[in-house]
Amino acid sequence: MIAQEIEERTPPKRFITTHRDDGKAVFEERFGEETNMVSNPDGIAFGLSYTTKGLPVSMDNDEDFGVYDHYLKSTPGLSISGGNVLRHVDIPPGMKCTMHRTVSLDYGIVLEGEVDLLLDSGEQRTMKVGDVAIQRGTMHQWINRDPNKWCRMIFVLVESKPLAIAGQKLGEELDEMPGVKASE
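Residues numbered from 1 in each chain as written. Predicted model: local features only at pLDDT ≥ 70, side-chain atom pairs only at ≥ 80, totals over all residues. Heavy atoms only, no water.

1. Remarks on the confidence of the model for the chain
With 92% of its residues at a pLDDT of 70 or more, the chain has an overall mean of 91. Note that pLDDT drops below 50 for residues 1–7; the model gives that stretch eight contacts with residues more than four away or on any other chain. (pLDDT = per-residue confidence, 0-100. Contact = heavy atoms within 4.5 Å.)

Below is the structure:
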């Protein structure tokens, strides 16, 4: 039931720009405008809207398009070593994801609906449309408490150094997140 509901949702659009040979800006068409949303077994859907590798990003000769094309064919984990990820995420009504941690600095922005951000300390904030979470390698969980409305978020994940707290290095913890690969 959830998978069918996801398919009926409107996929997010993203518009990628580039340049013609004369230097004028144009829209790149090779990737299409819609982000393909892929549903995990738990009903949460992820869409890889763009990704790059290396800083600063090289856009000469559309090198970044090659990186994005590679990851469209071979889906990365939540974050990419030496790169960044732009990802749309749809959280179904009444759904909570597994408590998890990434080795990245994440910017999560609510585009539609509401979601609770729960930390492993028990602290929690409710996020509404336009709110942003700056996720800094902490254990966290996303909870859509509304039984009828979807939550759509967009995330920018930037690789970080593993965080050390009180001398203990904290790594990625995905704890059985269905369908989510470990980061590279």
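2. Points about the sheet that holds strand 10 (residues 140–143)
Pairing is antiparallel in the open sheet, where three strands are placed in the order 8-7-10. Both outer strands of the open sheet, strand 8 (124–127) and strand 10, are each paired with one neighbouring strand and no more. In this sheet, neighbouring strand axes are inclined to one another by 20° on average, regardless of whether the strands run parallel or antiparallel. In this sheet, strand 10 lies alongside strand 7 (residues 115–119) in antiparallel orientation, the contact comprising four bridges. For Leu117, the partnering residue across the bridge sits in strand 10 and is Trp142. (Pairing = 2+ DSSP bridges. Helix = DSSP H or I, 4+ residues; strand = E, 2+ residues; numbered from the N terminus. Axes fitted to C-alpha atoms, helices over the stretch in contact; angles between N-to-C directions.)

3. Topic: a nonpolar patch on the surface
A cluster of nonpolar residues, Tyr107, Ile109, Leu111, Val132 and Ile134, forms a patch on the protein surface that exposes about 400 Å² of accessible area. For the nonpolar patch, the element with the highest residue contribution is strand 6 (residues 104–112), accounting for three residues. (Patch = residues over 30% accessible without salt bridge, like charges linked within 9 Å, V, L, I, M, F, W, Y side chains within 5 Å. Areas by Shrake-Rupley, 256 points an atom, 1.4 Å probe, with all protein chains shown as cover. Salt bridge = Lys/Arg side-chain N within 4 Å of Asp/Glu carboxyl O.)

4. What to know about the UniProt feature "domain: Cupin type-2" (unreviewed entry) in the chain
Listed under "domain: Cupin type-2" (unreviewed entry) in the UniProt record, and renumbered for this structure, are residues 88–155. Measuring from the first to the last C-alpha atom of residues 88–155 gives 6 Å, for a span that is 0% helix and 53% strand. (UniProt positions renumbered as here; feature names shortened; annotations may be inferred.)

5. A look at empty space enclosed by the protein
For the coordinates displayed, the defined rule picks out one cavity of 30 Å³ or more. Roughly 190 Å³ of internal volume is contained in the largest cavity. Listing elements by their share of the lining of the largest cavity, those giving two or more residues are strand 5 (83–91), strand 10 and strand 11 (151–159). Looking at the lining of the largest cavity residue by residue, the class counts come to ten nonpolar, four polar and two charged. (1 Å grid on protein atoms, 1.4 Å probe; cavity = no way out; pocket = protein on both sides within 12 Å on 5 of 7 lines; lining within 4 Å. Points joined across faces, edges and corners; volume = space filled by probe spheres on them. Nonpolar A, V, L, I, M, F, W, Y, C, P; charged D, E, K, R; others polar.)

6. Here we look at the layout of surface pockets
Taken as a whole, the largest pocket spans an internal volume of roughly 380 Å³. As for the largest pocket, its lining consists of 21 residues, of which Val38, Phe46, Leu48, Thr75 and Arg87 are closest to the centre. For the lining of the largest pocket, the secondary structure elements donating two or more residues are strand 4 (45–53) and helix 2 (63–73). Looking at the lining of the largest pocket residue by residue, the class counts come to ten nonpolar, seven polar and four charged. The wall of the second largest pocket is formed by Leu117, Leu119, Glu123, Gln124, Arg125, Met127, Ala133, Ile134, Gln135, Arg136 and Thr138. Counting only elements with at least two residues in the lining of the second largest pocket, the list comes to strand 7, strand 8 and strand 9 (132–136). By residue number, the principal contributor to the lining of the second largest pocket is strand 9, which donates four residues.

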